[in-house]
Amino acid sequence: MTDNSFSTKKIILVLSVAFAFIYFLPELGWTEFRWKEGLYSSIALEMNLTRPNTVAHGEVIRSTYPLFPMMVSLVLKLAIPVSMAARFSSVLCVLAITAAIWIAAARAYDIRTAAVSSAFFFSSMVVVEKGIDGYPEFLAFFLLLCAWFSWFTLGIQRGKWNLAWFVSFLFCGSAFYTIGWAALFYFFLPLVFMRRPLSIWS
């Protein structure tokens, strides 16, 4: 085992312990539902994965989208209590975003950069405060991040623009089924400020 691989494993271990300490899973079910957490949990309990409608108490809930409740319903199948399933799903998304940041930074720079950037993300006050809420925003955040990573990696770095647009649209479409039209806005707005050949307007 090389010193570099040993150091990488030690860094990952330290970050994993820090993440587990900050996002202490048993604590997720200690507090009552806030705002729409109960609503998303109710939708997840009644979710039919073959017909993913956002229904709670027999009524269709407007202005909600099915992908996050579908994720929560799958978490419920793991015997996670209803009181913490939505929050646990959100924490999983924070973990997935952290892993995506690690991979991107490690490929672009080195392990130390990956460690600092990923640790900075999951330990920031905003993420710690909002990451334990059972809302769909962090799932949408992860999907949009994947959309942009795919677009830059496949398009800018490798020049495979057709594949880049296809894959990024898949992630962006999934984000649409998580938070609605806001996902399309967040994905396409930066394109307005990009120069050729990344923009069709100039």
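Fair warning: this is a prediction, and the values are worked out from it, not measured in the lab. The written sequence of each chain sets the order in which its residues are numbered from 1. Under the rules for a predicted model, residues below a pLDDT of 70 receive no local features and side-chain atom pairs below 80 are neither given nor counted, while totals for whole chains, interfaces and linings still include all residues. Water and hydrogen atoms play no part in the side-chain values, which are based on all heavy atoms of the structure.

A. Geometry of the nonpolar core. Formed by 45 residues in total, the largest nonpolar core has its most connected members in Y23, V94, F121, F122 and F138. Secondary structure elements follow DSSP: runs of H or I of four or more residues count as helices, runs of E of two or more count as strands, with numbering from the N terminus. At the level of elements, α1 (3-22), α2 (37-45), α3 (67-76), α4 (82-108), α5 (111-123), α7 (137-157), α8 (161-179) and α9 (181-188) are the ones that each hand at least two residues to this core. It is α4 that contributes the most residues to this core, 12 residues altogether. Among residues more than four places away in sequence, those in contact with Y23 are V91, V94, F122, V127, V128 and I132. Side-chain atoms within 4.5 Å link the members of a nonpolar core, which is a set of buried Ala, Val, Leu, Ile, Met, Phe, Trp, Tyr and Cys residues. Think of it in three bands: residues with accessible area under 20% of the maximum for their type are buried, residues over 50% are exposed, and the middle band is partly exposed, with areas taken using a 1.4 Å probe on protein chains only. Contacts between residues were defined by any pair of non-hydrogen atoms, one from each residue, lying within 4.5 Å.

B. Broad picture of the side chain of S41. Looking at the secondary structure, you find S41 in helix α2. Those residues in contact with S41, other than ones at most four positions away along the chain, are F33, V82 and A86.

C. Seen up close, the packing of aromatic side chains. Between the rings of Phe, Tyr and Trp (Trp by its six-membered ring), a pair exists once the centres lie within 6.5 Å; its type follows the angle of the planes, with under 30 degrees stacked, over 60 edge-to-face, and the other angles tilted. Inspection of the entire model under this criterion finds 19 aromatic pairs. Aromatic side chains W151 and W165 sit 5.6 Å apart centroid to centroid with 70° between the ring planes, which places their arrangement in the edge-to-face category. Within this pair, whereas W151 is found in helix α7, its partner W165 is found in helix α8, the two being separated by 14 residues in sequence. With a relative accessible area of 0%, W151 lands in the buried category.

D. Spatial organisation of unusual backbone geometry. Backbone geometry at A79 places phi at a positive 70°, although glycine is not the residue there. Looking at the secondary structure, you find A79 in the loop between α3 and α4.

E. Region of interest: the packing of α4 against α7. To get an axis, fit a line to the C-alpha atoms, keeping to the stretch in contact for a helix; angles then go from 0 to 180 degrees between the N-to-C directions. For the pair α4 and α7, the least separation of the axes is 8 Å and the interaxial angle reads 20°. By the angle class used here, α4 and α7 are roughly parallel. Pair α4 / α7 crosses with left-handed handedness. Every residue of α7 that contacts α4 at S90, C93, V94, A96, I97, A100, I101 and A104 is listed here: F138, L139, F141, F142, L145 and F149. Just so you know the grouping, Ala, Val, Leu, Ile, Met, Phe, Trp, Tyr, Cys and Pro go in nonpolar, Asp, Glu, Lys and Arg go in charged, and all remaining residues, Gly too, go in polar. Split by residue class, the contact of α4 with α7 holds 13 nonpolar, 1 polar and no charged. Each angle receives one of four descriptions, namely roughly parallel if under 35 degrees, roughly antiparallel if over 145, roughly perpendicular if within 65 to 115, and oblique otherwise. Note: crossing handedness is left-handed where the near helix turns anticlockwise from the far helix by less than a right angle, and right-handed where it turns clockwise.

F. Layout of the confidence of the model for the protein chain. Overall, the prediction assigns the protein chain a mean pLDDT of 85, with 91% of residues at 70 or greater. Each residue gets a pLDDT score, which is the predictor's confidence in that residue and runs from 0 to 100. Mean pLDDT across the elements of the protein chain ranges from a minimum in strand β2 (residues 59-60), with 74, to a maximum in α8, with 94.

G. Layout of the side chain of S118. Relative to the helices and strands, S118 resides in helix α5. Residue class for S118 comes out buried when judged on its relative accessible area of 1%. Contacts described as polar in this section are N or O atom pairs within 3.5 Å, which, within protein, must combine one atom able to donate a hydrogen with one able to accept it, while residues neighboring in sequence count only if both atoms come from side chains. Within the structure, the side chain of S118 is placed 3.2 Å from the backbone oxygen of A115, a separation counted as a polar contact. Dropping the residues within four chain positions of it, S118 is found in contact with L15, T98, I101 and W102.

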